[in-house]
Amino acid sequence: MNNADLALYAVPAFLVLMAVEWWDGRRDPDPAPSGRYGREAATNWATYALGQLSKPLLQYVLPFSTIVVAASLTPLRLSPREWWVWVLGLIVTDFCYYWAHRADHRIRLLWTAHSVHHSSTHFNLSTAIRLPWLNPIASMLRSLAWVPAALLGFPAWMIFLLNTLGLLYQFPIHTQRIRTLWRPVEFVFNTPAHHRVHHGANQPYIDTNYGGVFIVWDRMFGSFAAESEPIRYGLTHDIGTGNPLKVNYHEFAALLRDVRHARSWRGRLGYVFGPPGWREQTGDAPAPAEKSAAPA
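Residues numbered from 1 in each chain as written. Predicted model: local features only at pLDDT ≥ 70, side-chain atom pairs only at ≥ 80, totals over all residues. Heavy atoms only, no water.

(A) Quick look at the overall build of the chain. When you go through the chain residue by residue, the secondary structure sums to 14 helices and zero strands. The order of α-helices and β-strands along the chain, N terminus first, is α-α-α-α-α-α-α-α-α-α-α-α-α-α. In the chain, buried positions account for 46% of the 296 residues. Counted over contacts in the chain with a minimum sequence separation of 6, partners at least 24 positions apart contribute 73%. As displayed, the chain offers around 15,200 Å² of accessible surface, 66% of which is attributable to carbon and sulfur atoms. Here the chain contributes 26 positively and 20 negatively charged side chains, and the mean placements of these two sets differ by 4 Å. (Helix = DSSP H or I, 4+ residues; strand = E, 2+ residues; numbered from the N terminus. Buried < 20%, exposed > 50% of the residue type's maximum accessible area, 1.4 Å probe, protein only. Contact = heavy atoms within 4.5 Å. Areas by Shrake-Rupley, 256 points an atom, 1.4 Å probe, with all protein chains shown as cover. Lys, Arg positive; Asp, Glu negative; His and termini not counted. Charge placed at Lys NZ, Arg CZ, Asp CG, Glu CD.)

(B) Region of interest: empty space enclosed by the protein. Evaluated as defined, the whole model comprises one cavity of 30 Å³ or more. The volume enclosed by the largest cavity comes to roughly 70 Å³. Lining the largest cavity, in full, are L90, T93, D94, Y97, L162, N163, G166, L167, Q170, G212 and V213. The residue inventory of the lining of the largest cavity, partitioned by class, reads five nonpolar, five polar and one charged. (1 Å grid on protein atoms, 1.4 Å probe; cavity = no way out; pocket = protein on both sides within 12 Å on 5 of 7 lines; lining within 4 Å. Points joined across faces, edges and corners; volume = space filled by probe spheres on them. Nonpolar A, V, L, I, M, F, W, Y, C, P; charged D, E, K, R; others polar.)

(C) Structural context of the pattern of salt bridges. All told, the structure shown has eight salt bridges when counted by the stated rule. Linking R279 and D258 is a salt bridge whose minimum nitrogen-to-oxygen distance equals 3.3 Å. With R279 in the segment after α14 (265-273) and D258 in helix α13 (residues 244-261), this residue pair connects regions lying 21 residues apart in the sequence. R279 sits in the partly exposed class, given a relative accessible area of 36%. Connected through salt bridges with shared partners, the residues R108, E251, D258 and R279 form a single ionic network. (Salt bridge = Lys/Arg side-chain N within 4 Å of Asp/Glu carboxyl O.)

(D) Quick peek at the UniProt feature "transmembrane region" (unreviewed entry) in the chain. Residues annotated in UniProt with the feature "transmembrane region" (unreviewed entry) correspond here to residues 6-23, 57-77, 83-100 and 144-169. The span residues 83-100 is 100% helix and 0% strand, and its two end C-alpha atoms sit 26 Å from each other. The span residues 144-169 carries 73% helix and 0% strand; its end-to-end C-alpha distance comes to 22 Å. (UniProt positions renumbered as here; feature names shortened; annotations may be inferred.)

(E) Region of the structure containing α13. With 18 residues, α13 extends 26 Å between its outermost C-alpha atoms, agreeing within 8% with the 26 Å of an ideal straight helix rising 1.5 Å per residue. The largest bend in α13 is about 45°, located at H250. For α13, the full list of buried residues reads P244, V247, N248, H250, E251, A254, L255 and D258. (Expected span 1.5 Å × (residues − 1). Bend = angle between axes of the 7 residues up to and from the residue.)

(F) Spatial organisation of the UniProt feature "domain: Fatty acid hydroxylase" (unreviewed entry) in the chain. Per the UniProt record, the feature "domain: Fatty acid hydroxylase" (unreviewed entry) sits at residues 86-223. Secondary structure within residues 86-223 divides into 57% helix and 0% strand; the distance between the first and last C-alpha atoms comes to 27 Å.

(G) Local environment of helix α9 (residues 156-170). With 15 residues, α9 extends 21 Å from end C-alpha to end C-alpha; this agrees with the ideal 21 Å at 1.5 Å per step. Within α9, burial applies to A156, M158, I159, L162, T164, G166 and Q170.

(H) The arrangement of the environment of F64 in detail. Among the structural elements, F64 can be located in the loop between α3 (39-61) and α4 (66-73). Along the sequence, F64 and M140 sit 76 residues apart, while their C-alpha atoms lie 9.4 Å from each other.

(I) Main features of the packing of helix α6 (residues 108-118) against α13. Orientation of α6 relative to α13, taken along the N-to-C sense of each, is 155°, at an axis distance of 6 Å. Put simply, α6 runs roughly antiparallel to α13. Every pair of crossing elements has a handedness; the one defined by α6 and α13 is right-handed. Along its contact with α6, which presents R108, L109, W111, T112, S115 and V116, the element α13 presents V247, N248, H250, E251, F252, A254, L255 and D258. Per-class residue counts for the contact of α6 with α13 are seven nonpolar, four polar and three charged. (Axes fitted to C-alpha atoms, helices over the stretch in contact; angles between N-to-C directions. Parallel < 35°, antiparallel > 145°, perpendicular 65-115°, else oblique. Left-handed = near helix turned anticlockwise from the far one by under 90°.)

(J) Expanded view of the side chain of Q170. With respect to the element layout, Q170 can be found in helix α9. Among the polar contacts listed, one links the side chain of Q170 to the side chain of Y97, at a separation of 3.3 Å. Once you skip the residues sitting within four places of it in the chain, Q170 turns out to touch Y97, H195 and G212. (Polar contact = N/O pair within 3.5 Å; in protein donor to acceptor, adjacent residues only side chain to side chain.)

(K) Region of the structure containing the nonpolar core. Counting 17 residues, the largest nonpolar core has I67, W146, A149, A150, F154 and I159 as its most contacted members. Looking at this core, the elements that each hand over two or more residues are α4, α5 (83-106), α8 (147-151) and α9. With residues near it in sequence (within four places) discarded, A149 still touches V92, C96, F154 and I159. Counting residues in each nonpolar core, the second largest holds nine residues, with A10, V11, Y48 and I129 among its members. (Core = buried A, V, L, I, M, F, W, Y, C linked by side-chain atoms within 4.5 Å.)

(L) Representation of the packing of aromatic side chains. Inspection of every chain in the model, using the stated rule, returns 16 aromatic pairs. Each ring, one from F95 and one from W99, has its centre 6.2 Å from the other, and the planes form 80°; the classification is edge-to-face. Placement of the pair is F95 and W99 together in helix α5, with a separation of four residues, close to one helical turn. Through successive ring pairs, a cluster of aromatic residues spans F95, Y98, W99, F189, Y210, F214, W217 and F221. The lysine or arginine in question, R268, covers the ring of W265, its NZ or CZ lying 4.8 Å from the ring centre. (Phe/Tyr/Trp six-rings, centres within 6.5 Å; stacked < 30°, edge-to-face > 60°. Lys NZ or Arg CZ within 6 Å of the ring centre and 35° of its normal.)

Printed below as a string of structure tokens:
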């Protein structure tokens, strides 16, 4: 079974959990409107389905993986037969995920893909499957974050597997039905409370809580935020569409427009590799770097 099969076999569990969340929300006399199922959930499923259908095309566009290349070149070899290699691998790959996720929010080219996940103004379990598809340049650039894990000697297949398990872990934390967990759990692990903050489009939540499985990375590197005021979900500027094609490519199209209208190579490179919200200045003053359109 490959990683794609593992994610596919998880779909029935996704459906069951969504049904439980939907039913529990119906019984709530005052459910949060942003947690209700409706047109946004349909868009999420349509976006997910198109992503699954496009995966074979992506394999032709990206015929090789930098992770596989790095794993084949390194002289180091860690044996998957040792239990501690799996524990260490989970920690290392999640550490790599933290930096990849942080880059998703701070590099516009990567944000063209990741903004898809943040574009829903609702937040429930269906939001977890609102994922980008067919953005090969962003995918290849993002994969570089796991090259250090490969160079340390972890087999490429183990890196892919642990990363998939980390993404599956994040599915149930896309909910408003669970408030907070036991304090030690909240301190170490990413939880629904932390991930709700990550999806907030209002300050002080933008660009916070990047962790995948562990939230300790955010505590260590100054990107942690706790919920302190009501959360507004989505992007800072609502895209105003449920069309899955527009949902997937709205930010990439905006990047191309900015590059086309840029007046210099500095401006063109800034729009591609600068943070979301970066604007080219017509004078000599440097352009201000703004926050990304949604938190990680």
